[in-house]
Amino acid sequence: MDLMVPAADLSSPTVHHPGAREQPPSTAEGLRAQRTVTPWVERNLEARKRQHPQDLHLQAGQGCSGAVVGVVAGACPEPTARDPTPSCTAMGLRAGAQVSPGLALLMWLTAHCSRPQAQGFSQGGLDASRADLWASANASLLHSFWCQPASQLPRDQLSALIRAMATRRVLLRAWQLSCLANLAALHGLQDDFELHPPDLLLFYNLTQVREADCRAFTHRAAQGDTELLANLPDQRAALQRVALACLGGPRLRLSASDLLLLGVLVCDMDASSIVAADPRVLQNLQRCHRLTAPQQAALNTLLASGETTLGPPGSWNLEGLRALGPLATYISSSLWMQVQQAVGLDFFGSTVATYRAGRLSQQDARRFVTGFLKAKAESVSSRPKRGTGRPCLRGDITAATLRDDLFLVHYDCVQLESCLGSRVLKANLDPLLQHPLPAECQRVVKAKLARVYPRGVPEEQLPLIASLVYLYSRSEIGQWNVTSRDTVVALLASDVALENQTEAVLQKYLDHNGTLTGALLVAIGGSRLCWMSARQIQAIRPSEFRLAGALDISSCPQSRKDVLYAKAREAFGSTRTTAAYYRFMRPYLGGAPVEELRHLVQANVSMDIDTFTNLNPRVLQSLSVGNVTTLLGQNVGDLQKARSHPTISSWLRSLNRSALGELGLDTDPAGLSGPGRSTTVTPNTAPRGPYPAPTSGLPRHSAPASGSPPAHLGYLPLSVALPSGLLWLLYWGTPGLSQDCSWDTRTMASEDGAAPAPRAGKRGLVAGVHHVRHSRGPQGWSPPTSSSRDTELE
C-alpha cells in the first residue's frame, strides 16, 4: 500500500474578479487541516511500516512517529494532557533511517520555499505508480516546486509531474514556470501541451509550435494568466503575433470565433481593436486583471453603442449589469446618467453589498462608487454649495442609516460632515468604514476622528481605520499607541498604507518593545520591507528573517534591495550547501554585488530569467557574456523573451554584434527597441505597471510576477506555524548522507556559526537516477558565513 496524503481542501480564495488568482490558505484553515490529517498520517505510517518494513524505517520517538510524513503533510502530533506542546525533533529519525524513493522525491519537490528541502531520490528512479503520488497529494504541496531537483527527473517522470500540476490546477509563479518550460522543451514535451497547465504554455518557445497545432496551442495558452509575463515583454508580444498568425493574419474586426480562440490575449489588444471587435469581446475583457485608460474608454464606447447584449444604456437591467462582472466598475458617469434611476440604485446597493461581504476589491468598489456618485451629482441641477456649519438636510445619521447599502447615495460627503455626530461615529466606526467611501468622504471622517480623539486614535480603534491610514502623517501616527502585532497587521496588511505610514507604524510598534517576527513579516507582505527604514530592517533578527522565508521584494527600490540582501546573507550565510543557499537567497539577489553573482556563476545554479531581470542593472553591466551564459545555464534562451525589459536591454546595448550572436540573439539594433507589432490588430504595449526601479522610487502595487505570492492576511508559512522542535528537522532536512544513506549529523553548523567543511565524495539523499553529485558549490568556495551564533540554521 502506497503512503498517500489525503487531498484535504485547504484553499479559501477570495475572487475579486474572474481573472483573479487563487489566494493562499489562511493559517487557521491550515491548522484545522493539520489537526485532521495528523491521526490519519500516523495510522497509515504504521500500516506502511508493517507491510513494507524494508522500505520505510522510522522511529516513533519524542512523540513524533510521523515526523517525516508530517513534513510532507504539514502535520505534527496533536497536543495531549501529558504533552501539551509536543516537540518534533530531528531525533524522530534514527541515525540509519531510510526513506522510500517516492516519499523522498515528494519531499524534495514540494518542500516549503522558506526552508531547505530534503534532496535526492532513489538511484533507480520512480516507477509509474510512484509518479502518481504527486497527483494524489494535496495541490498546495506543489506550489513550491523547484526546478533544480526536477531537472534530474527522467522524461516520463517529468511528464507525469507536469500533467499532475495541470490536473490539480497548481498555480506556480513566473520564476518556476519559466524554468519548468525549458525543462519540458529539453525533454521534448511541448507537443503534449494539451495536457499541460495553460500558464506553462505562456512560457514555451513559440518557434517550436507546429503550424498544425497553432490554433489548439493558442486556445490552451489563452486560458492562462498573461500577467505572469510581466518581466518577459517580448514573449508577451510574441504570443499576440502567434495568435494573429493562427487567424490567418491581422484582422480589421475580430469575430466571435476569433475571440473564443484569443481568450485572455485580448487584454493586450489596443483600444481600436476592442471597439471594432464583435460585442462578445466583453466576455474576454472580463478576464483582464485591469484595463488601461484607453481600454476603459473603448469599453464605454462599445457599451454606449447599444450593440452589446445589454442594449442601449436606457434599457439596461440589473441582471445585465451583474453579468458584466468587474467591467461594470469601469462604466463612466456619462453612461450612468442614461441608466434608469431604479436600475442604477438597485445595482449600486448590490455592488456595495458585494464589497462589504469581501467579494469585491476596494479599488474596484471605489472606482464604481466615484463614477456613479459623480453622475448623480451632475444630474442634480441645484446642488447646495458646501459650507461650514450648514444644517443637515437629510436627517441625522444613525446606526440603522449606516446599515443601508444606499447610504452613500443618500448622504454625500457634505451631508456626511453635517449629519454624522461624534457619538454615532465612535459607536459605529466599523460599519461606516465598511462602505467604499470616496476620498473626500474619507477626509471628512478623519477630521471628525481628530475632534473626537484629539490625543490620537486609541489602539482598539486603529484596526478599523486601515482604509484611512494613507491620510495620516508621520507626526499624527506618532500620537498612536501601537503595542500589538495584530494592530500592525491590520494597519499594514492591505495596500493602503504608503511609505511614510509603514515606517511610522512599525516604529511605534518597535518603540513599545515590539519584535519584527517572521510571522509578522509574512502577514504584512514582502512589499512592506521596501518601505521600512534601513535601521528597521537591520533590527530583524536573522532567525526571524529565516522563518519569514522567501518574501517578494522585486518592487523595492535598489537601495532597499541592497540592505535586504545584506540581511539575507546574515540569515542564510551559514547554509551548508550551495543549492540550499541559492534557494534561500534567490528572492534577495536583486541587491547582490558582482562578487556574489560570480560565485553563483561558478556554482552552475541555472538562474531563472525572472530572477535575472530583478538583478541590479549596474552590477549586471560588470558580467561578461560568458558569465551570463553560465549563470542562466539551460535558461539562457529566455533572454530573447525578455530583451526589451529595461534591465536586459541595458545590458544588451553594451554588447557588440559578436557577443549578441554568442547569445543566439539577432544582431539587428532595431531588435533592441522592443517587440514587433502587427499593423492592424495590435497588442496594447502601454505599460501595466512600471518595472522595478533600478535605483530609486516607490514600490509598485501591481501583483508580483516573481518571488513569493502577495501577502495574505493570516497566511503564514509552515515554518512559522510548526513547533520549534520540528523546525530543527525542517532546517536540517538536507544533511549529507553516508554511503549507506544514513543521516550524517556531522555537517551541522558549528557553535560559532561557521559553515562546515565540505566532505568529498558524499552524495545527496540518494544519488538520483543520473548519479548527480550533491552540489556544494565550486571547489574552494562555500556560501558566505557569519560568525554570529544567531545566524546558525536552527
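None of these values were measured; they are calculated from a predicted model.

## Considering the confidence of the model for the protein
Phase 1 of the analysis: Taken residue by residue, the protein gives an average pLDDT of 75. The fraction at 70 or more is 64%.
Phase 2 of the analysis: The low-confidence segment residues 669–683 (pLDDT under 50) makes 38 contacts with residues lying over four places distant or belonging to another chain.
Phase 3 of the analysis: Here residues 685–794 is a poorly scored stretch, pLDDT under 50, and it has 291 contacts once near neighbours within four places are set aside; other chains count.

## A look at the packing of helix 27 (residues 485–492) against helix 28 (residues 499–511)
Phase 1 of the analysis: In contact at an axis separation of 10 Å, helix 27 and helix 28 are set at 175 degrees when each is read in the N-to-C sense. Considering their axes alone, helix 27 and helix 28 lie roughly antiparallel with respect to each other. For the pair helix 27 and helix 28, the contacting residues are R485, V488, L491 and L492 in the first and T502, V505, L506 and Y509 in the second.
Phase 2 of the analysis: When the residues that make up the contact of helix 27 with helix 28 are grouped by side-chain class, the tally is six nonpolar, one polar and one charged.

## Some words on helix 7 (residues 155–168)
Phase 1 of the analysis: For helix 7, which comprises 14 residues, the first-to-last C-alpha distance of 20 Å matches the rise-based estimate of 20 Å (1.5 Å per residue) to within 8%.
Phase 2 of the analysis: At the C-terminal side of helix 7, R169 shows a positive phi close to 55 degrees.

## Some points on the state of the cysteines
Phase 1 of the analysis: Evaluated as defined, the whole model comprises six disulfides.
Phase 2 of the analysis: Shown here is the disulfide that connects C413 with C441, its sulfur atoms set 2.0 Å apart. Between C413 and C441, the S-S dihedral sits near -95 degrees, and the bridge is therefore left-handed. Residue C413 is found in helix 22 (residues 413–419), and its partner C441 is found in helix 25 (residues 439–452); the two are separated by 28 residues along the sequence.
Phase 3 of the analysis: Given the relative accessible area of 8%, C413 is considered buried.
Phase 4 of the analysis: What pairs with C530 in a disulfide is C556, and their sulfur atoms sit 1.9 Å apart. Around the S-S axis, the bridge from C530 to C556 shows a dihedral of about -80 degrees and counts as left-handed. Within this pair, whereas C530 is found in the loop between helix 29 (518–524) and helix 30 (534–538), its partner C556 is found in the loop between helix 31 (542–548) and helix 32 (558–572), the two being separated by 26 residues in sequence.

## Things to note about the packing of helix 10 (residues 214–221) against helix 11 (residues 233–246)
Phase 1 of the analysis: Contact pair helix 10 / helix 11: the axes reach a minimum separation of 9 Å and the direction vectors enclose 135 degrees. One finds that helix 10 runs oblique with respect to helix 11. In terms of crossing hand, the pair formed by helix 10 and helix 11 is left-handed. Listed contacts from helix 11 to C214, R215 and T218 of helix 10 are V242, A243 and C246.

## Quick look at the packing of aromatic side chains
Two descriptors summarise a pair of aromatic rings, namely the distance from one centre to the other and the angle between the planes of the rings.
Phase 1 of the analysis: One pass over the full model with this rule turns up 15 aromatic pairs.
Phase 2 of the analysis: Taking 5.7 Å as the distance between ring centres and 40 degrees as the angle between the ring planes, the aromatic pair formed by F348 and F368 counts as tilted. In this pair, F348 is assigned in helix 18 (residues 341–356) and F368 in helix 19 (residues 362–379), connecting sequence segments 20 residues apart.
Phase 3 of the analysis: Assessed through its relative accessible area of 0%, F348 is described here as buried.
Phase 4 of the analysis: Owing to a relative accessible area of 1%, F368 belongs among the buried residues under this scheme.

## Quick look at the nonpolar core
Phase 1 of the analysis: Formed by 179 residues in total, the largest nonpolar core has its most connected members in V445, I465, W480, M607 and F612.
Phase 2 of the analysis: Ranked by residue count, the leading element in this core is helix 8 (residues 174–186), at eight residues.
Phase 3 of the analysis: Once you skip the residues sitting within four places of it in the chain, W480 turns out to touch G456, V457, L462, I465, Y472, L491, V505 and K508.

## Quick notes on the pattern of salt bridges
Phase 1 of the analysis: Under the criterion given, the structure shown has 13 salt bridges.
Phase 2 of the analysis: The residue E227 makes a salt bridge to R236 at a minimum N-O spacing of 3.1 Å.
Phase 3 of the analysis: Among the residues examined, E227 registers a relative accessible area of 15% and is labelled buried.
Phase 4 of the analysis: Classification of R236 as buried rests on a relative accessible area of 13%.
Phase 5 of the analysis: R367 is paired through a salt bridge with D364; the nearest N and O atoms lie 2.4 Å apart. With R367 and D364 both in helix 19 and three residues apart, this pair spans about one turn of that helix.
Phase 6 of the analysis: On the basis of relative accessible area, R367 is assigned to the partly exposed category, the value being 22%.

## Comments concerning unusual backbone geometry
Phase 1 of the analysis: The residue N513 is not glycine, and still its phi comes out positive at about 65 degrees.
Phase 2 of the analysis: Following the sequence through the fold, N513 ends up in the loop between helix 28 and helix 29.
Phase 3 of the analysis: Here the phi dihedral of S606 falls at roughly 55 degrees; this positive angle occurs in a residue that is not glycine.
Phase 4 of the analysis: Look at S606 and you get partly exposed, because its relative accessible area is 27%.

## A word on the environment of V594
Phase 1 of the analysis: Note that V594 resides in helix 34 (residues 594–603).
Phase 2 of the analysis: Here the alpha-carbon distance between V594 and R618, two residues 24 residues apart in the chain, equals 9.2 Å.
Phase 3 of the analysis: Setting aside chain neighbours within four positions, we find V594 in contact with V619, S622 and L623.

Cut-off values and rules
Residues numbered from 1 in each chain as written. Predicted model: local features only at pLDDT ≥ 70, side-chain atom pairs only at ≥ 80, totals over all residues. Heavy atoms only, no water. pLDDT = per-residue confidence, 0-100. Contact = heavy atoms within 4.5 Å. Axes fitted to C-alpha atoms, helices over the stretch in contact; angles between N-to-C directions. Helix = DSSP H or I, 4+ residues; strand = E, 2+ residues; numbered from the N terminus. Parallel < 35°, antiparallel > 145°, perpendicular 65-115°, else oblique. Nonpolar A, V, L, I, M, F, W, Y, C, P; charged D, E, K, R; others polar. Expected span 1.5 Å × (residues − 1). Disulfide = S-S within 2.5 Å. Buried < 20%, exposed > 50% of the residue type's maximum accessible area, 1.4 Å probe, protein only. Left-handed = near helix turned anticlockwise from the far one by under 90°. Phe/Tyr/Trp six-rings, centres within 6.5 Å; stacked < 30°, edge-to-face > 60°. Core = buried A, V, L, I, M, F, W, Y, C linked by side-chain atoms within 4.5 Å. Salt bridge = Lys/Arg side-chain N within 4 Å of Asp/Glu carboxyl O.

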